[in-house]
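What follows is each chain in one-letter form.
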Amino acid sequence: GLGLAAIAFFLLHVAYHWRFGNMSNALWACHVASLLIGIGALANVRDVSAIGVLWLTIGIPMWFIHLVTGGDFIPTSVLTHGGGAIVGGAVMRHQRWPIGAWWKAAIALAAWMAITRCITPRDLNVNLAFRVPGPTSDQRLTHAEYLAIMASVVTATFLVADLLLRRVFRPHEVPCDTSSSTT
């Protein structure tokens, strides 16, 4: 079902990058979000699904910025971003939104960033783990300062998104049965 679709989106994206010899680019958090949504759906672990959905609340806007500033369009990115978001919404409609997803997503993203720093080439700057993005000549922030600011912005975004998504994907309330049956 839905979990397999989300995993397939990620695997198709991995295959694209494998074909062109840059597998590390498949490890951006926004792409891995689709994998998390799929795993969470298959294992019925809503925290994992919600983390994937929250990662996309940052990943999709960053992807758009990448595209409008002249970044390469990778066709399979539509699957991991758009498809991941659609499947994530459907999965969360079924699973319902977990409490505290925002802080779990922030911790998981920090951990994933540390992992990608260890396993990806420095020049690709996957998950911005190595340097401030953009031209190096006009950087006013150190990478540590940039990460501190981004961690604050991302965590705040996750918190706001968590509050909104909790309203959208809340459990159905079962009305009380006030009728009395006397037979």
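Please read these numbers as outputs of a predicted model, since none were measured by experiment.

Thresholds, definitions, all that
Residues numbered from 1 in each chain as written. Predicted model: local features only at pLDDT ≥ 70, side-chain atom pairs only at ≥ 80, totals over all residues. Heavy atoms only, no water. Helix = DSSP H or I, 4+ residues; strand = E, 2+ residues; numbered from the N terminus. Contact = heavy atoms within 4.5 Å. Expected span 1.5 Å × (residues − 1). Buried < 20%, exposed > 50% of the residue type's maximum accessible area, 1.4 Å probe, protein only. Arc of directions from axis to C-beta. Axes fitted to C-alpha atoms, helices over the stretch in contact; angles between N-to-C directions. Parallel < 35°, antiparallel > 145°, perpendicular 65-115°, else oblique. Left-handed = near helix turned anticlockwise from the far one by under 90°. Nonpolar A, V, L, I, M, F, W, Y, C, P; charged D, E, K, R; others polar.

(A) Seen up close, the side chain of Asn-25. For Asn-25, the location among the structural elements is in the loop between helix H1 (2-19) and helix H2 (29-43). Sequence-distant contacts of Asn-25, that is, excluding residues within four places in its chain, are made with His-13, His-17, His-31, Leu-124 and Val-126.

(B) Broad picture of H1. Its 18 residues place the ends of H1 26 Å apart at the C-alpha level, agreeing with the 26 Å of an ideal helix rising 1.5 Å per residue. What H1 keeps buried is the set Gly-3, Ala-6, Ile-7, Phe-9, Phe-10, His-13, Val-14 and His-17. The buried residues of H1 occupy an angular sector of 145° when the element is viewed end-on, so they sit on one face. Exposed and oriented more than 90 degrees from the buried face of H1 are Leu-4, Trp-18 and Arg-19. Buried residues along H1 sit in contact with H2 and helix H4 (77-95). Positive backbone phi, approximately 75°, marks Gly-21, located one or two places after H1.

(C) Local environment of the packing of H1 against H2. Where H1 contacts H2, the two axes come as close as 7 Å, and the packing angle between them is 150°. In terms of their interaxial angle, H1 and H2 are classed as roughly antiparallel. As H1 packs across H2, the resulting crossing turns out to be left-handed. Contacts between H1 and H2 pair Gly-3, Leu-4, Ala-6, Ile-7, Phe-9, Phe-10 and His-13 from the former with His-31, Val-32, Ser-34, Leu-35, Ile-37, Gly-38, Ile-39, Ala-41 and Leu-42 from the latter. Here the residues of the contact of H1 with H2 sort into eleven nonpolar, five polar and no charged.

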